[in-house]
Amino acid sequence: MLVPKILVLYYSRTGNTEKIAEAVAQGAKTVKGVEVELAYQATPEMLPNFDAVVVGMPTYHHDMTLDVKRLFEEAAVKNINLKGKIGAAFGSYGWSGEAPKLVLEIMKNRFEMNVVEPPLLIKYTPDQTALEKCRDFGKKIAEKLVQS
Ligand SMILES: Cc1cc2nc3c(=O)[nH]c(=O)nc-3n(C[C@H](O)[C@H](O)[C@H](O)COP(=O)(O)O)c2cc1C
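Residues numbered from 1 in each chain as written. Predicted model: local features only at pLDDT ≥ 70, side-chain atom pairs only at ≥ 80, totals over all residues. Heavy atoms only, no water.

A. Representation of the packing of aromatic side chains. On inspection of all chains with the given rule, the structure shows three aromatic pairs. When the centroid spacing of 6.1 Å and the interplanar angle of 25° are considered together, the rings of Tyr11 and Tyr40 count as stacked. Taken as a pair, Tyr11 in the loop between β1 (5–10) and α1 (16–29) and Tyr40 in the loop between β2 (35–39) and β3 (52–56) lie far apart in primary sequence, 29 residues in all. In this structure an aromatic cluster arises from ring pairing among Tyr10, Tyr11 and Tyr40. The ring of Phe50 is capped by Lys5, whose NZ or CZ atom sits 5.3 Å from the centre of that ring. Its end group placed over the ring of Tyr60, Arg13 keeps NZ or CZ at 3.8 Å from the ring centre. (Phe/Tyr/Trp six-rings, centres within 6.5 Å; stacked < 30°, edge-to-face > 60°. Helix = DSSP H or I, 4+ residues; strand = E, 2+ residues; numbered from the N terminus. Lys NZ or Arg CZ within 6 Å of the ring centre and 35° of its normal.)

Structure representation (structure tokens):
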């Protein structure tokens with residue numbers, strides 16, 4: 001049987017979302033029988049190689065990051081099929097935190113992915129309690145994959 005694969009893709013300008021991404025990947029890796037790849041960049045063509053796509057980005061100016069927007073726009077134009085794959089989102093934020101919600105909406109409505117709701121939102125820099133939450137989030141996604 002093929003080993004299920006999780007992509008944890010993130011963008012971070014000042015390092016907060018990076019810390020979250022590392023903890024999410026760490027949590028996912030505690031589940032036996034899954035492969036976890038932590039990446040800063042991805043192409044649309046890469047996405048179908050994974051069974052779960054977990055995207056992290058901070059919220060700047062009430063929006064998702066340009067790189068992530070571009071990735072999903074290109075994937076849509078190229079008709080990349082992600083239907084039925086697990087989708088999840090997370091990110092650091094300051095006061096409104098729209099970005100992870102926006103990416104989840106795209107995953108769900110455009111790509112018909114099986115999304116994990118709600119997204120994981122961490123205010124500014126994650127402390128130890130927040131990092132624990134991030135690890136749990138990653139673990140939960142990996143367990144979902146192993147069970148399915
Ligand atoms: C110019 C600027 C605009 C921002 N806009 C928002 C915003 O619209 N909503 C929000 O929740 N946080 C906003 N933030 C806060 C960032 O999301 C927060 O600093 C976050 O921790 C950055 O994550 P990163 O270290 O992964 O880049 C803004 C921060 C800056 C510097």
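B. The arrangement of the layout of surface pockets in detail. Computed from the structure, the largest pocket encloses a volume of approximately 260 Å³. Lining of the largest pocket is provided by 18 residues; of these, Thr59, Tyr60, Tyr93, Gly94 and Tyr124 occupy positions nearest its centre. Elements with a minimum of two residues in the lining of the largest pocket: α1 and β4 (86–93). Of the residues in the lining of the largest pocket, the class split is five nonpolar, twelve polar and one charged. Its volume calculated, the second largest pocket comes out at about 180 Å³. Contributing to the lining of the second largest pocket are 13 residues, with Gln41, Ala42, Asp67, Val68 and Leu71 lying nearest its centre. If you list the elements that add at least two residues to the lining of the second largest pocket, you get β1 and α2 (66–77). Looking at the lining of the second largest pocket, the element that brings in the most residues is α2, giving five residues. (1 Å grid on protein atoms, 1.4 Å probe; cavity = no way out; pocket = protein on both sides within 12 Å on 5 of 7 lines; lining within 4 Å. Points joined across faces, edges and corners; volume = space filled by probe spheres on them. Nonpolar A, V, L, I, M, F, W, Y, C, P; charged D, E, K, R; others polar.)

C. View of the site of the ligand. Around the ligand, the surrounding shell holds 18 residues, and the nearest of these are Ser12, Thr14, Thr59, Ser92 and Ser96. Gly15 places a main-chain nitrogen or oxygen 3.1 Å from an oxygen atom of the ligand. Burial of the ligand by the protein chains amounts to 83% of its free accessible area of 640 Å². Spatially, the ligand is embedded in the largest pocket. Listing elements by their share of the shell around the ligand, those giving two or more residues are α1 and β4. Looking at the shell around the ligand, its residues break down into five nonpolar, twelve polar and one charged. (Near = heavy atom within 4 Å. Polar contact = N/O pair within 3.5 Å; in protein donor to acceptor, adjacent residues only side chain to side chain. Areas by Shrake-Rupley, 256 points an atom, 1.4 Å probe, with all protein chains shown as cover. Sits in = over half its atoms within 2 Å of the grid points.)

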